[in-house]
Amino acid sequence: MLETFFEIVRFLALAAALWLFIRADKSVRYCRRGFLLIKIGFLLILFGVFMSIIGTLNIPGWGTVGGIGMQVFLEKLVGYAAGSLLLLVGLWHWLPSIRTMDEVQEELDCVRRDLQEHFQARTDELERAVEARRKAEAAMRIEDERRRAIYEESPVGISHGFVGGKHVERNQAFARMLGYGSPREMVEAQAAAGDPYSHFADREDAELLHSLAAEGKSAKGMNVRMRRKDGEIIWVRLDATTILDHQGKSYYFYAFVLDITEQKLSRDALARNENRLQAIINSLPVGIFVVDLESHTLLGANPAALRLVGYERQEIVGSPCRGTLCGGEGDCPLDLRDGLTCVSESDLTRKDGTRVPVMKNIVGAELDGRRCLVVGVQDMTEQKRLEELRADVARIVAHDLKAPIIGMINGCRLLLMEEGRIDGEIREMLELIETQGSKALLMIGLSLDLYKIEAGTYEYRPVRVDLMGTVRQAARNLEGHLRTKRLELSVRLGGEPDNGRASLMIPANPLLLEAMLSNLLLNALEAAPDDTKIRLEVSGNGEAVLTLTNNGAVPEAIRDTFFEKYTTLGKSGGTGLGTYSVRLAATAMRGTVDLSVSDEGDSTTITVRLPMEG
């Protein structure tokens, strides 16, 4: 029984193998004959196993045919031998096909991979193309929407269409500009009027634009009049361009329209004002020159200025200013900063070479983007003549005043000589009259001296003068002013406070020295703020040096001309002669005077240097 069991197991195993081969038959593409022989061999071996199982069962008469035993023949020869032989032959034919099948399979796999990669590449390419097209279409839609939005919402009127007036479109801004509620309403109104150019106030403008478009030309910056719905006429700036077709013929146009009514009215008003201003300037009796600050050339002059110098306009424009305007002498005033004003006396040189005394008023300005100076000049010939006459009269009067003043002084002296007949109070009054008369006589002499210094005819004869005594006298004369402004005057000599007895002898003119110190102290007193301190330092080492310092910085606008005649700023009733006389007196006594200003400390310092040897 055990032998039969094992034979059955072998039979089932072989049957299973045969079943697997049969299942795999559909996928076999190469050497099917060898595969068929393998299946038949398995089948014959399976038959031999079956005969072996039957033989183990000992069935009577099984395997005997005509008394001849067929068991061994069928099992060993037909079953195992023939089956094994067919199996070997089948494997011989089929096994080489397995390698061929693997190679073919590899080729198929390669082809499949190539096809898949090609398919994937084409798929990616198509996806990119689709995405690019989708983006392009989206961009075109966005761009179209943007153009439509710009066209519809533009604040500038836009009109476009085919040349000849057919299919012309206008945007909302164009319709609103002409008083219509919409472009359709404007088209309907023009259709009712039977004229597509009815909004042009001047038919010539419409015809000109039509001819330019027909010729393929553009219109740039045309100012035309248009008629609104309510009949009002407005001014517009029109820019039009024409598009040509492939044959070079114009077929489409674009026009942009901007309402410039307000700007044109403003420009017209400005032009009228400029003409009015030019007429006023041309009618002024004062000469006006315009100078280019960079090239120092004359840019223009009004008729009064041209008459003053004797030139024609074309002769003077573009010429250097120095030869005419500045007289060819002295420092050039053209470094004046913009916004400041300079007033000075000078001369003009006429075309014939003669000189004309003038008063100049120079103002920095910017004209047409150029840094310029506007120079107003007034002929001072008559004023100079009158000034010379007044100076002569003043000298005559001063000379004639000396006689009565000397007589008054001598009378006081004669009365004072009679000691017994004059009591104490009257004597004091006579002494006061004598002192003041002497001072008036000296002041008259001083005025004449200052004139001589200015004219260059003064003869300086110094005497030994106590500088500290003169300082104290000038300070006593100003005590009332100091008390009024609650100012403190500090006088120091050689770094020590003045004790009222020390002296410093220098060669000088007593009257000039006292006048110079009085003007210096008065100028500091007027410039110093209330409740501040004025400091006067005096030293005498090789030369006498007076340093006067007060609070309040000299304005920057007058620092360069502080010691010049008529220089004053912000001082009520100021003549600008105080510091000028200080410089004259110091120069006449062989000295110098300097100005130093501290903006940080808000202070002004004037330093006077006088020689200590005659």
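Refer to the structure above for everything that follows.
Residues numbered from 1 in each chain as written. Predicted model: local features only at pLDDT ≥ 70, side-chain atom pairs only at ≥ 80, totals over all residues. Heavy atoms only, no water.

(A) Summary view of the nonpolar core. The biggest cluster of nonpolar side chains holds 46 residues, and the ones touching the most others in it are Leu-467, Ile-506, Leu-513, Met-516 and Met-589. Contacts of Ile-506, omitting those with residues within four sequence positions, involve Val-463, Arg-464, Val-465, Leu-467, Leu-513, Ala-544, Leu-610, Pro-611 and Met-612. In terms of nonpolar packing, the next biggest core, distinct from the first, is built from 21 residues, Phe-200, Leu-212, Val-224 and Val-236 among them. (Core = buried A, V, L, I, M, F, W, Y, C linked by side-chain atoms within 4.5 Å. Buried < 20%, exposed > 50% of the residue type's maximum accessible area, 1.4 Å probe, protein only. Contact = heavy atoms within 4.5 Å.)

(B) View of the side chain of Thr-349. Along the chain, Thr-349 falls in strand E10 (residues 341–349). Residue Thr-349 is classed as buried on the basis of its relative accessible area, which comes to 14%. One polar contact links Thr-349 to Arg-355, side chain to side chain, over a distance of 3.4 Å. (Helix = DSSP H or I, 4+ residues; strand = E, 2+ residues; numbered from the N terminus. Polar contact = N/O pair within 3.5 Å; in protein donor to acceptor, adjacent residues only side chain to side chain.)

(C) Structural detail: unusual backbone geometry. Positive phi is not limited to glycine here, since Asp-531 has a value of about 60°. By the element assignment, Asp-531 lies in the loop between helix H14 (510–527) and strand E17 (533–540). With a phi close to 50°, Asp-602 is a non-glycine residue in the positive phi region. Its location among the elements puts Asp-602 in the loop between strand E19 (592–598) and strand E20 (603–611). Exposure remark for Asp-602: the relative accessible area of 40% places this residue in the partly exposed category.

(D) Inspection of the side chain of His-199 at higher detail. By secondary structure assignment, the location of His-199 is in the loop between helix H5 (183–193) and helix H6 (203–214). We classify His-199 as buried; its relative accessible area is 5%. When sequence neighbours within four positions are dropped, the list of residues in contact with His-199 reads Arg-170, Phe-174, Leu-178, Met-186, Gln-190, Met-226 and Arg-227.

(E) How the structure looks around H5. Every buried residue of H5 is listed here: Pro-183, Met-186 and Gln-190. Around the axis of H5, the buried residues are gathered within 60° of arc, so they sit on the same side. The outward face of H5, more than 90 degrees from its buried face, is lined by the exposed residues Arg-184, Ala-191 and Ala-192. In the core, the buried residues of H5 are packed alongside strand E4 (169–170) and helix H4 (172–177). One or two positions beyond H5, positive phi appears at Gly-194, with a value near 70°. (Arc of directions from axis to C-beta.)

(F) Structural context of the sheet that holds strand E18 (residues 543–551). Reading across from one edge, E15-E14-E17-E18-E20-E19 is the order of the 6 strands in this open sheet, with mixed pairing throughout. The strands lining the two open edges of the sheet, one partner per strand, are strand E15 (496–497) and E19. When strand E14 (residues 488–493) meets E17, the two strands line up parallel, connected through 6 bridges. Within E17, the residue paired with Arg-492 across the bridge is Glu-537. Running over the sheet, helix H12 (residues 467–477) touches E14, E17 and E18 and is turned about 175° from E14. Contacts from H14 reach E14, E17, E18 and E20, with the element oriented near 20° to E18. (Pairing = 2+ DSSP bridges. Axes fitted to C-alpha atoms, helices over the stretch in contact; angles between N-to-C directions.)

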